[in-house]
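For reference, the chains in residue letters:
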Amino acid sequence: MARSNPERRAALVDAAIEVLARDGARGLTFRAVDTEAAVPPGTASNYFANRDDLLTQAGARVYERLQPDEATIERQRTAPADLATYTELMKELVGRVSGFRTGYLALLELRLEATRRPELRQVLTERVRADVDANVAYHEASGLPGDGTGVKLLMLAFNWLIVEQLTLPGVFSEEERDALIAATVDRVVSGAER
């Protein structure tokens, strides 16, 4: 029976994220997680039914940790619904996701692993689809310019920009990144309004 200490489970899942980012999916073992979390050997196996359970929970935890805090959400809700706000929202989003380097790299590892594990693929597909739908719904309710297709296009473009920032950080400076974000938002939103 899996243990239920929520703090210990979260520490183990956070350790799994670090292992995934550093060593890849093949390096993710219960022993590696125990070592990363600095807990006695065998601890992770008491909390997770199997490796697939650990992989799935690591993916869910990354998404939890990528959520904006309440202050950011409130600032977004009270800002004017215009192109400048949209651009700042996207800069904040790319910065927040890029700031959780190990989490995003772990997600990339999980996506690669999902090509070989149908159960993980199903979980990630559902989670990413829910994320897309939530972002489109938020956008539509916000009154920001553009449409749902634009939201999806921005997600696709910025996901690769984030990959670029995390894997080859010297390709674009922070200033170039911000200029690319502004140009992308402008072109996607302006194209939708024609």
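In this text, all values refer to a predicted model and were calculated from it rather than measured experimentally.

Draft legend 1. View of the layout of surface pockets. Roughly 1100 Å³ of volume is contained in the largest pocket. As for the largest pocket, its lining consists of 35 residues, and the residues nearest its centre are Leu93, Val97, Asp131, Asn135 and Met155. Contributing elements (two or more residues each) for the lining of the largest pocket: helix H4 (51-66), helix H5 (70-78), helix H6 (83-99), helix H7 (101-114), helix H8 (118-142) and helix H9 (148-167). If one sorts the elements of the lining of the largest pocket by residue count, H9 sits on top with 10 residues. Across the lining of the largest pocket, the residue classes tally to 25 nonpolar, five polar and five charged.

Draft legend 2. Fine view of the environment of alanine 15. Assignment of secondary structure puts alanine 15 in helix H1 (residues 6-23). A relative accessible area of 5% places alanine 15 in the buried class. In the structure, alanine 15 is positioned 86 residues away from arginine 101 in sequence and 14 Å away in space, judged by C-alpha atoms. When near neighbours in sequence (up to four residues on either side) are disregarded, alanine 15 contacts Val33, Glu36 and Ala37.

Draft legend 3. The arrangement of the packing of H6 against H9 in detail. Contact pair H6 / H9: the axes reach a minimum separation of 10 Å and the direction vectors enclose 40°. Classed by the angle they form, the pair H6 and H9 counts as oblique. With respect to the hand of their crossing, H6 and H9 are arranged in right-handed fashion. Counting all contacts with H6, which are made through Tyr86, Met90, Val94, Val97 and Ser98, the residues of H9 involved are Val151, Leu154, Phe158, Leu161, Ile162, Gln165 and Leu166. Here the residues of the contact of H6 with H9 sort into 10 nonpolar, two polar and no charged.

Draft legend 4. Structural view of the pattern of salt bridges. Following the criterion strictly, the structure yields 14 salt bridges and no others. Put simply, aspartate 14 and arginine 65 hold a salt bridge, and the shortest N to O gap is 3.2 Å. With a gap of 51 residues between them, aspartate 14 in helix H1 and arginine 65 in helix H4 connect regions that are remote in the sequence. Given a relative accessible area of 19%, aspartate 14 falls into the buried group. On the accessibility criterion, arginine 65 (36% relative accessible area) is partly exposed. Salt-bridge contacts for aspartate 178 lead to arginine 177; the nearest nitrogen and oxygen are separated by 3.5 Å. Counted as one network, the salt bridges with shared partners bring together Arg51, Asp52, Glu113, Arg116 and Arg117.

Draft legend 5. Focus on the nonpolar core. In terms of nonpolar packing, the biggest core is built from 49 residues, with Leu20, Leu28, Val33, Tyr86, Met90, Phe158 and Val185 touching the most fellow members. Apart from the residues lying within four places of it in its own chain, the contact partners of leucine 20 are Ala25, Leu28, Leu55, Ala58, Ala106, Glu109 and Leu110.

Draft legend 6. Region of the structure containing the packing of aromatic side chains. Enumeration over the complete set of coordinates arrives at zero aromatic pairs. One cation-aromatic arrangement involves arginine 9 over phenylalanine 48; the distance from NZ or CZ to the ring centre is 5.2 Å.

Conventions and cut-offs
Residues numbered from 1 in each chain as written. Predicted model: local features only at pLDDT ≥ 70, side-chain atom pairs only at ≥ 80, totals over all residues. Heavy atoms only, no water. 1 Å grid on protein atoms, 1.4 Å probe; cavity = no way out; pocket = protein on both sides within 12 Å on 5 of 7 lines; lining within 4 Å. Points joined across faces, edges and corners; volume = space filled by probe spheres on them. Helix = DSSP H or I, 4+ residues; strand = E, 2+ residues; numbered from the N terminus. Nonpolar A, V, L, I, M, F, W, Y, C, P; charged D, E, K, R; others polar. Buried < 20%, exposed > 50% of the residue type's maximum accessible area, 1.4 Å probe, protein only. Contact = heavy atoms within 4.5 Å. Axes fitted to C-alpha atoms, helices over the stretch in contact; angles between N-to-C directions. Parallel < 35°, antiparallel > 145°, perpendicular 65-115°, else oblique. Left-handed = near helix turned anticlockwise from the far one by under 90°. Salt bridge = Lys/Arg side-chain N within 4 Å of Asp/Glu carboxyl O. Core = buried A, V, L, I, M, F, W, Y, C linked by side-chain atoms within 4.5 Å. Phe/Tyr/Trp six-rings, centres within 6.5 Å; stacked < 30°, edge-to-face > 60°. Lys NZ or Arg CZ within 6 Å of the ring centre and 35° of its normal.

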